[in-house]
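Report on the structure
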Amino acid sequence: MATSRELKNKIRSVNNTKKITRTMEMISTAKAVVCQRRIEATQPYGDKLAEIRRDLGSCGDGLAGGFPLLRQVESPSREAVFIVTANRGLCGGYNANTLKVAENYIRKRNADGVQTDVYILGKKGISRFKYLGMESVEQYIHFDDRPTFEEAEEVISPVMESFEKGEVDALSVVFTHYINAAKQEPVLRKLLPITVDQADGDSSRSVGEFILEPSPELILGRLLPLSLKMQFFQALVEAAASEQIARRMAMKNATDNAEEMATKYTQLYNRTRQAAITQEILEVIGGAEVLN
Amino acid sequence: MAGSLLCSVLSPEGTIFEGEASFVEAHALDGRLGILPGHAPLITALGEGPLRISISDSDERRWQISGGFMEVLKNKVSIVAEGLEQTS
């Protein structure tokens, strides 16, 4: 049986760990709230862009042709894949789950004979790919829990350009989709090529003809890249929120476990102490009886 | 004046302004564009330039934007801005 001094040390160290994990839990809770607010804040912009695109569509005159971003490729030969992971661990299965989805997809594409250009966001993804010996084109580690639109734009713009030039034929992003506060799951979203739902007969809003200034082509030509960047930005914001929520859960579990362990060790410590006292009393009584 | 405009200015990171306005002036690609209540439905791309929203005779907001779109539909004006900076 462990000595009481050893047990005391163990209790102290468990309690210290508990303090740390509880603090991290509280920090993540606070950050998660901020991130969730950001998701809500970005929503109207994305919705409005989609709405304008629909309204443009309702004005008819087959806008499909002539836009590099609408290029459809029958058999893609090269695909860019963005993987959004965290810079830090201690967040349960957050990174592992996202990477699993990404790895499976990349393996599948490679097996289909499609080359993949992998762009990794976050240190955890980078080290995982290094460990697997899988190649990546570019790594980014400067994204924190508050990605900005400009940062997102910087990362995705070069890839959009190479799509327009025909160097890559598709673009996907793997990230953790924030469904609601209790549910997040890793998903793969295809951003390019853009699928235009021409059949989208949303007649409820097509109130008369819009005046289009300066021309429908020009508007669409500007709208497409913007809404693409926005989708990427929203993916980053959702991933950031999911990361914080995952970390909060992980730290909550760690705190609960520490609590349990501390209770167990305290009981054990008390028992040893009790045993020692009993032992001592017996010795004293024994000694006294000998004197008699 | 026939009613007022319900105006919203959106940026990627949030809603910048939302409320009633009497007049909106934006910089379209080929010149300035003023919107008064009762304007016909319109979608336009915006260029680099000032965006001005008059809430009342004495109250107005100004921003500098570097691009984006404006949609006008049934006295509802929505501006989705790219690169937006408040100037006053």
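Residues numbered from 1 in each chain as written. Chains lettered and ligands numbered in written order. Predicted model: local features only at pLDDT ≥ 70, side-chain atom pairs only at ≥ 80, totals over all residues. Heavy atoms only, no water.

Counting its secondary structure elements, chain B contains zero helices and 10 strands. Counting from the amino terminus, chain B carries its helices and strands in the arrangement β-β-β-β-β-β-β-β-β-β. Taken over the C-alpha trace, chain B has a radius of gyration of 12 Å; the compact-globule value for 88 residues is 12 Å, and the two agree within 12%. For chain B, the spread of C-alpha atoms along the principal axes amounts to about 30 × 25 × 20 Å. For chain B, the proportion of its 88 residues judged to be buried stands at 49%. In chain B, the share of contacts with a sequence separation of at least 24, taken over all contacts with a separation of at least 6, comes to 45%. Total accessible area on chain B stands at roughly 3,900 Å², and carbon and sulfur atoms take up 46% of it. (Helix = DSSP H or I, 4+ residues; strand = E, 2+ residues; numbered from the N terminus. Rg over C-alpha atoms; globule rule 2.2 N^0.38 Å. Buried < 20%, exposed > 50% of the residue type's maximum accessible area, 1.4 Å probe, protein only. Contact = heavy atoms within 4.5 Å. Areas by Shrake-Rupley, 256 points an atom, 1.4 Å probe, with all protein chains shown as cover.)

Let us now look at the side chain of Thr44(B). By secondary structure assignment, the location of Thr44(B) is in strand S5 (residues 42-46). Not counting chain neighbours up to four residues away, the residues in contact with Thr44(B) comprise Glu213(A), Ile219(A), Ala28(B), Leu33(B), Gly68(B), Phe69(B) and Met70(B).

Here we take up the interface of chain A and chain B. With 30 residues of chain A at the contact, the number on the chain B side is 24 residues. For the pair chain A and chain B, the summed buried surface comes to about 2,300 Å²; carbon and sulfur atoms form 68% of the total. At the boundary of chain A with chain B, the tally comes to two salt bridges. For the side of chain A that touches chain B, the secondary structure elements donating two or more residues are helix H1 (4-58), helix H4 (149-165), strand S6 (211-213) and helix H5 (216-291) of chain A. (Buried area = accessible area lost by both parts, 1.4 Å probe. Salt bridge = Lys/Arg side-chain N within 4 Å of Asp/Glu carboxyl O.)

Here we come to a nonpolar patch on the surface. Residues and elements named next belong to chain A. A surface patch of nonpolar side chains, amounting to about 250 Å² of accessible area, comprises Ile277, Ile281 and Ile285. Relative to the helices and strands, Ile285 resides in helix H5. The exposure class assigned to Ile285 is partly exposed, which follows from its relative accessible area of 42%. (Patch = residues over 30% accessible without salt bridge, like charges linked within 9 Å, V, L, I, M, F, W, Y side chains within 5 Å.)

Frequently, the measure chosen for interface size is the accessible area removed from exposure when the parts meet. Taken as a whole, chain A is organised into domain 1 (4-22 + 253-291) and domain 2 (28-248). Between the C-alpha centres of domain 1 of chain A and domain 2 of chain A there is a distance of 55 Å. (Domains from an automatic or database assignment.)

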